[in-house]
Structures are given as C-alpha cells and as structure tokens.
Amino acid sequence: MFELTGFQRDLLYVIAGAERPSGQEIKEMISKDVGEVNHGRLYPNLDALVEQGYVNKGQHDRRTNFYEMSEKGRESILARREWEDQHVSFLE
C-alpha cells in the first residue's frame, strides 16, 4: 500500500465503507472531506486501483460502473492499520 498516493488510499477507505458505490457516489463522498474532486483526478486514480488489484470494477447498468474492495484491498487496509498502530501507540 506504500506505493499508493494519499488520495488513492483515501479512495480505498471510501470504497471500503460503502456498498458497491458508483464513481459519482465516490466523488460525492470524498469531496465532503477533501474538497471538490473533478473527473480528471478521480477516474484515473480509480482505474489505477483496479489495475493494481486493490479494487474490482463492475457494471450496475450500461452507463454506471460500481467499485468494490478486492481481497488484496481488504488485506492491505488491515495491514496498513496494523502498521499505523505500531507507530501511534502513544494514543493508547
């Protein structure tokens, strides 16, 4: 997961917290936290996550795709959280 950008990691967490969100739904959710995200930034990063195997892409209908976590994506988030916990143990 260290090869991902911060924005790509944020996208993973948004996708993990939703049930098969569309690109538009992801855009709306992440924009609440990071500010307006345009299509030119969102979709290339979603495609990169798909290409790297973190996310699966499917179709709701002919015009709308959905995104869902792959097993690699789930395992990567769990491993990342364990790594974070090692380095922020002062919060306990």
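Scroll up a little and you will see the structure.
Residues numbered from 1 in each chain as written. Predicted model: local features only at pLDDT ≥ 70, side-chain atom pairs only at ≥ 80, totals over all residues. Heavy atoms only, no water.

**Observations regarding the pattern of salt bridges**
Enumeration according to the criterion identifies five salt bridges in this entry. Across the pair Lys 57 and Asp 47 runs a salt bridge whose closest N-O atoms are separated by 3.7 Å. Taken as a pair, Lys 57 in strand E1 (residues 55-59) and Asp 47 in helix H3 (residues 39-51) lie far apart in primary sequence, 10 residues in all. Lys 57 gets classed as partly exposed once you look at its relative accessible area, which sits at 41%. (Salt bridge = Lys/Arg side-chain N within 4 Å of Asp/Glu carboxyl O. Helix = DSSP H or I, 4+ residues; strand = E, 2+ residues; numbered from the N terminus. Buried < 20%, exposed > 50% of the residue type's maximum accessible area, 1.4 Å probe, protein only.)

**Here's the deal with the pairing of E1**
Across five bridges, E1 lies against strand E2 (residues 65-69) in antiparallel orientation. Its bridge partner being in E2, Gly 58 is matched across the sheet by Phe 66. Hairpin connection between E1 and E2: a loop of five residues separates the two successive antiparallel strands. (Pairing = 2+ DSSP bridges.)

**What to know about H3**
Here H3 spans 18 Å end to end across 13 residues, near enough to the 18 Å set by a 1.5 Å rise per residue. All buried positions along H3 are accounted for by Leu 42, Asn 45, Leu 46, Ala 48 and Leu 49. Seen from one end, H3 has its buried residues packed into an arc of 155°, which puts them on one side. Opposite the packed face of H3, turned more than 90 degrees from it, sit the exposed residues Gly 40 and Glu 51. Turning to H3, the residues buried within the fold contact helix H1 (6-16), helix H2 (23-34), E1 and E2. (Expected span 1.5 Å × (residues − 1). Arc of directions from axis to C-beta. Contact = heavy atoms within 4.5 Å.)

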